[in-house]
Amino acid sequence: MPLSATMVGALLGLGTQMYSNALRKLPYMRHPWEHVVGMGLGAVFANQLVKWDVKLKEDLEVMLNKARAANERRYFGMFCLC
Amino acid sequence: MFNLFLAVFPEIFIINATFILLIHGVVFSTSKKYDYPPLASNVGWLGLLSVLITLLLLAAGAPLLTIAHLFWNNLFRRDNFTYFCQIFLLLSTAGTISMCFDFFDQERFDAFEFIVLILLSTCGMLFMISAYDLIAMYLAIELQSLCFYVIAASKRKSEFSTEAGLKYLILGAFSSGILLFGCSMIYGSTGATHFDQLAKILTGYEITGARSSGIFMGILFIAVGFLFKITAVPFHMWAPDIYEGSPTPVTAFLSIAPKISIFANILRVFIYGSYGATLQQIFFFCSIASMILGALAAMAQTKVKRLLAYSSIGHVGYICIGFSCGTIEGIQSLLIGIFIYALMTMDAFAIVLALRQTRVKYIADLGALAKTNPILAITFSITMFSYAGIPPLAGFCSKFYLFFAALGCGAYFLALVGVVTSVIGCFYYIRLVKRMFFDTPRTWILYEPMDRNKSLLLAMTSFFITLFLLYPSPLFSVTHQMALSLYL
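Residues numbered from 1 in each chain as written. Chains lettered and ligands numbered in written order. Predicted model: local features only at pLDDT ≥ 70, side-chain atom pairs only at ≥ 80, totals over all residues. Heavy atoms only, no water.

- An unreviewed UniProt entry lists chain B under the name NADH dehydrogenase subunit 2, from Brassica napus.
- According to the UniProt record, the Subcellular location (unreviewed entry) comment for chain B reads "Membrane". (UniProt positions renumbered as here; feature names shortened; annotations may be inferred.)

- You'll find chain A entered in an unreviewed UniProt entry as Excitatory amino acid transporter, with Brassica campestris given as the organism.

Below is the structure:
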């Protein structure tokens, strides 16, 4: 999973830099060190995004459980799921 | 443990940065020793750096925000909703400032105060998002609006810009007056300005027998004030003229940033503070009218900026669908809609700015762009298809979720109008694509290369628009959290 996120991020970063060069009507690989920087930033961004997504889902679960518990406290008895 | 200083440090930093940049600009731009240098680009880069540092300071305060906190005499609130809205606002501001640098050089625009006013209005918007009292909210709205009136007229040699600023001042002041009148009526009827107190008094007031014409008129006037500021029909008249007359970076900023902060305010005041049948009906009507007018009026436009202005009016209508539902899914779809709309609009205005250098003003001037700059034409096409809501682009996802939220709460007519107006809207969006790829222009325009800032911004936003559907999970989770934290 981290490997695929790194690869996808690096591809995104490379693609962004190449797209940027293409928009400016420059050769796609002009200043190749910028492509390396883009790949690095892209890989970091993708990994952080995946980690953040996992944390968001955990926090969301906590919030939903808190809300469910508050609702169950308010109403007498447990919710009947039947 | 809640640390007040750390919580407000981003706002403190950006206010201080604004004043330091103002002093820096005044001292050096009037300096004979340095030959009266034009400082717009210099202050612009420093302003961009200030916004990015503010963003980092905000992100660094994240561990403090798992629980909502009120501070400064309970006038402001810090929670997940505030946190993510402010991050989003700062990212939009940074994107807009980064589009401006080439504009300063091309148009010989040497007013460094432009950037200072943008930073000041951003500070006002940060306060707006965290405001938890009618007084704090109004003061923050005025701080933001006054800066906008001035930057709309910032191109002093242009009559159109001066006219736009004057129109915006008169109409904006009028709407702020109506908003304040509504706030005063609510205070007069309830004795409260704090949103927690208003929530206790106003929730269900239509059915509990506590009906009061003062409360009803107050809510109506506040709604009118807000609807004016988000350019919803029937309070949209000012938008096309002001968007067209203002300098293009100002138009980009006006299209994006205030909508984020004002929608955040609307959610606080109306979803949390008071929500009833009257308000729902008002927003129902405005949503339907905005969608219809945005679709029909844009068809008659010949200028690119006016077309984008009517397009933004239409999109406000779609986003108001989420508010009209009054459910968690509705609020979540509203937040997703705003986020995707902001990125699409940044993309569109970056392209307009890039084309502006070659004096493209009318839609007819876009002819043969596909031959002179095919990659830019493809980027513009992707943006237009996304605006039209064509899958698998991000615009489709935002409309899809909004319409589903409407169906989920039983607002079938709203969803139907949304679908029909989306189809009508496809006409003028795809007309632009047809012009670029299949028409010849009235006069052939030489391409001038765009700068790196715009090309990077375009590349990032285009990738987001194209690839969003592959991994929408983070945005869905964060907007769900934001919607829940409004209530919890």
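**Some thoughts on the overall build of chain A**
(1) Moving on: In terms of helices and strands, chain A carries two helices and zero strands.
(2) Moving on: Put simply, chain A has 82 residues, and 29% of those count as buried.
(3) Moving on: A separation threshold of at least 6 residues defines the contact pool for chain A, and within that pool the share at least 24 residues apart is 53%. (Helix = DSSP H or I, 4+ residues; strand = E, 2+ residues; numbered from the N terminus. Buried < 20%, exposed > 50% of the residue type's maximum accessible area, 1.4 Å probe, protein only. Contact = heavy atoms within 4.5 Å.)

**Some points on the overall build of chain B**
(1) Moving on: Tallying secondary structure elements over chain B gives 20 helices and two strands in all.
(2) Moving on: In terms of overall size, chain B behaves like a compact globule, its C-alpha atoms giving a radius of gyration of 22 Å where 488 residues would be expected to give roughly 23 Å.
(3) Moving on: For chain B, the spread of C-alpha atoms along the principal axes amounts to about 70 × 60 × 40 Å.
(4) Moving on: Residues counted as buried form 62% of the 488 residues belonging to chain B.
(5) Moving on: With an accessible surface of roughly 18100 Å², chain B has 70% of that area assigned to carbon and sulfur atoms.
(6) Moving on: Mean positive and mean negative side-chain charge positions of chain B (28 and 22 charges, respectively) differ by 4 Å. (Rg over C-alpha atoms; globule rule 2.2 N^0.38 Å. Areas by Shrake-Rupley, 256 points an atom, 1.4 Å probe, with all protein chains shown as cover. Lys, Arg positive; Asp, Glu negative; His and termini not counted. Charge placed at Lys NZ, Arg CZ, Asp CG, Glu CD.)

**Section: the layout of surface pockets**
Residue and element names in this part refer to chain B.
(1) Moving on: When its volume is computed, the second largest pocket comes out at roughly 450 Å³.
(2) Moving on: Taken together, 22 residues form the lining of the second largest pocket, with Phe160, Glu244, Gly245, Arg356 and Lys361 sitting closest to its centre.
(3) Moving on: Among the elements of the structure, helix H7 (159–190), helix H10 (238–245) and helix H13 (304–325) are those that each provide at least two residues to the lining of the second largest pocket.
(4) Moving on: Top element by residues in the lining of the second largest pocket is H7. It accounts for four residues. (1 Å grid on protein atoms, 1.4 Å probe; cavity = no way out; pocket = protein on both sides within 12 Å on 5 of 7 lines; lining within 4 Å. Points joined across faces, edges and corners; volume = space filled by probe spheres on them.)

**Some details on the interface of chain B and chain A**
(1) Moving on: Listed by partner, the interface residues are 30 residues for chain B and 22 residues for chain A.
(2) Moving on: Between chain B and chain A, a total of about 2400 Å² is buried, with carbon and sulfur atoms accounting for 68% of that surface.
(3) Moving on: It is Arg452, Phe463 and Gln481 of chain B that lose the most area in chain B upon contact with chain A, and together they represent 22% of the buried surface on that side.
(4) Moving on: Measuring nitrogen to oxygen at the nearest pair gives 2.9 Å for the salt bridge that ties Glu34 of chain A to Arg452 of chain B.
(5) Moving on: Applying the counting criterion to the chain B and chain A interface returns eight residue pairs in polar contact (both at pLDDT 80 or more).
(6) Moving on: For the side of chain B that touches chain A, the secondary-structure elements that each account for two or more residues are helix H3 (80–98), helix H16 (374–388), helix H19 (452–467) and helix H20 (473–487) of chain B.
(7) Moving on: Per element, the largest residue contribution to the side of chain B that touches chain A is nine residues, and it comes from H19 of chain B.
(8) Moving on: Its residues assigned to classes, the side of chain B that touches chain A shows 17 nonpolar, 11 polar and two charged. (Buried area = accessible area lost by both parts, 1.4 Å probe. Salt bridge = Lys/Arg side-chain N within 4 Å of Asp/Glu carboxyl O. Polar contact = N/O pair within 3.5 Å; in protein donor to acceptor, adjacent residues only side chain to side chain. Nonpolar A, V, L, I, M, F, W, Y, C, P; charged D, E, K, R; others polar.)

**Structural notes on the nonpolar core**
All names here are of chain B.
(1) Moving on: Judged by nonpolar contacts, the single largest core of 165 residues is most densely connected at Met137, Phe226 and Phe270.
(2) Moving on: Beyond its immediate chain neighbours, meaning those up to four positions away, Met137 contacts Met128, Ala131, Leu179, Cys183, Phe195, Phe226, Asn265 and Val269.
(3) Moving on: Core analysis: the next-biggest nonpolar cluster, separate from the first, contains 13 residues, Tyr318, Leu402, Ala406 and Leu414 among them. (Core = buried A, V, L, I, M, F, W, Y, C linked by side-chain atoms within 4.5 Å.)

**Focus: the pattern of salt bridges**
All names here are of chain B.
(1) Moving on: The final tally for this structure, using the stated rule, is 15 salt bridges over all chains.
(2) Moving on: The partner of Lys155 in a salt bridge is Glu107, and the shortest N-O contact between them spans 3.2 Å. Of this pair, Lys155 sits in the loop between helix H6 (134–152) and H7 while Glu107 is found in the loop between helix H4 (101–106) and helix H5 (113–130), placing the two residues 48 residues apart along the sequence.
(3) Moving on: A salt bridge links Lys167 to Asp241; the shortest N-O distance between them is 3.1 Å. Residue Lys167 is located in helix H7, and its partner Asp241 is located in helix H10; the two are separated by 74 residues in the primary sequence.
(4) Moving on: Through salt bridges with shared partners, one network takes in Glu163, Lys167, Asp241, Glu244, Lys303 and Arg306.

**Looking at helix H14 (residues 328–356) of chain B**
(1) Moving on: Along its 29 residues, H14 of chain B runs 41 Å from first to last C-alpha, staying within 8% of the 42 Å computed at 1.5 Å per residue.
(2) Moving on: In terms of burial, H14 of chain B is largely enclosed, as 25 of its 29 residues are buried. (Expected span 1.5 Å × (residues − 1).)

**A short note on a nonpolar patch on the surface**
Residue and element names in this part refer to chain B.
(1) Moving on: On the surface, Ile23, Val27, Phe28 and Tyr34 cluster together to form a nonpolar patch covering roughly 380 Å² of accessible area.
(2) Moving on: Here Tyr34 shows up in the loop between helix H1 (4–29) and helix H2 (40–60).
(3) Moving on: Residue class for Tyr34 comes out partly exposed when judged on its relative accessible area of 46%. (Patch = residues over 30% accessible without salt bridge, like charges linked within 9 Å, V, L, I, M, F, W, Y side chains within 5 Å.)

**Topic: H10 of chain B**
(1) Moving on: Judged by how many residues are buried, H10 of chain B sits mostly within the fold: six of eight residues are covered.
(2) Moving on: Among all positions of H10 of chain B, only Trp238, Ala239, Pro240, Ile242, Tyr243 and Gly245 of chain B are buried.

**Focus: the state of the cysteines**
All names here are of chain B.
(1) Moving on: Summed over the entire model, instances satisfying the criterion amount to zero disulfides over all chains.
(2) Moving on: Considering cysteine sulfurs only, Cys409 is the nearest to Cys325, which forms no disulfide, with 3.7 Å between them.
(3) Moving on: By relative accessible area, which is 6% here, Cys325 ends up buried.
(4) Moving on: With no disulfide partner, Cys397 has as its closest neighbouring cysteine sulfur the one in Cys325, 16 Å distant.
(5) Moving on: Judged by its relative accessible area of 7%, Cys397 is buried. (Disulfide = S-S within 2.5 Å.)

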